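An overview of the molecular structure
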Amino acid sequence: MKLGLICVGRLKAGPERELFARYAERIRALRRLGLEGLELKEIDESKAAGAERASREAMELLAALPAESRLAAFDERGRAETSAAFAQFIASERDRGCKALWFAIGGAEGLDESVRARATAVFSFGAMTLPHQLARILAAEQIYRAMTILSGHPYHRQ
């Protein structure tokens, strides 16, 4: 199953991009378990305001989603899960025969309801609001952690 992350906003060069790249490379190196890669797609932030902004970003985000892909989302209105439960979610999608699983992260206005409704699951990193740069790094780290949990690698300690 291919893994991807689709985000509103672009990471500029700097430590955030480097840290994201480090986790993406670790994910690519764990080419087992029937999981592969972490492709990244970035959507430009809309210049509109408020709900219109989120709606426009949602249209672009959903249009960029590869055909026949499943979608999960990270959103402050999602459910907070343990890393082990998140790993089990990825494994269950893989075991159902899902060919590609993409995770979405919204922009400043968050994710539009149309994206959350399209997602098979919506996860939260907690109640605090995070900048999209950090949310992207957390998503990559948790995907990597999920893969280490599923493979029995000692990275995750309980």
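These lines cover the structure that appears in this document, whether it is placed above or below.

Reported here for the largest pocket is a volume of approximately 370 Å³. For the largest pocket, the lining is made up of 20 residues, of which D75, E76, G107, T129 and L130 are closest to its centre. Secondary structure elements with two or more residues in the lining of the largest pocket: β3 (70-79) and α5 (132-151). Broken down by element, the residue count for the lining of the largest pocket peaks at 4 residues, all from β3. Looking at the lining of the largest pocket residue by residue, the classes come out as 9 nonpolar, 7 polar and 4 charged.

Attention shifts here to the side chain of S83. By secondary structure assignment, the location of S83 is in helix α3 (residues 83-95). Here S83 falls in the buried class, since its relative accessible area comes to 18%. The residues contacting S83, other than those within four sequence positions of it, are Q142, R145, I149 and H156.

For the rest of this paragraph, the subject is the nonpolar core. If you look at the biggest cluster of nonpolar residues, it comprises 32 residues, and the most contacted ones within it are L3, I90, L101 and F103. Of all the secondary structure elements, the ones that give two or more residues to this core are β1 (2-8), α1 (15-29), β3, α3, β4 (100-105), β5 (121-123) and α5. Ranked by residue count, the leading element in this core is α5, at 8 residues. In contact with L3, other than residues within four places in its own chain, are L35, E36, G37, L38, E39, L101, F103, I143 and M147. Judged by nonpolar contacts, the second largest core, of 15 residues, contains I6, L61, A100 and W102.

How each quantity is defined
- Residues numbered from 1 in each chain as written.
- Predicted model: local features only at pLDDT ≥ 70, side-chain atom pairs only at ≥ 80, totals over all residues.
- Heavy atoms only, no water.
- 1 Å grid on protein atoms, 1.4 Å probe; cavity = no way out; pocket = protein on both sides within 12 Å on 5 of 7 lines; lining within 4 Å.
- Points joined across faces, edges and corners; volume = space filled by probe spheres on them.
- Helix = DSSP H or I, 4+ residues; strand = E, 2+ residues; numbered from the N terminus.
- Nonpolar A, V, L, I, M, F, W, Y, C, P; charged D, E, K, R; others polar.
- Buried < 20%, exposed > 50% of the residue type's maximum accessible area, 1.4 Å probe, protein only.
- Contact = heavy atoms within 4.5 Å.
- Core = buried A, V, L, I, M, F, W, Y, C linked by side-chain atoms within 4.5 Å.

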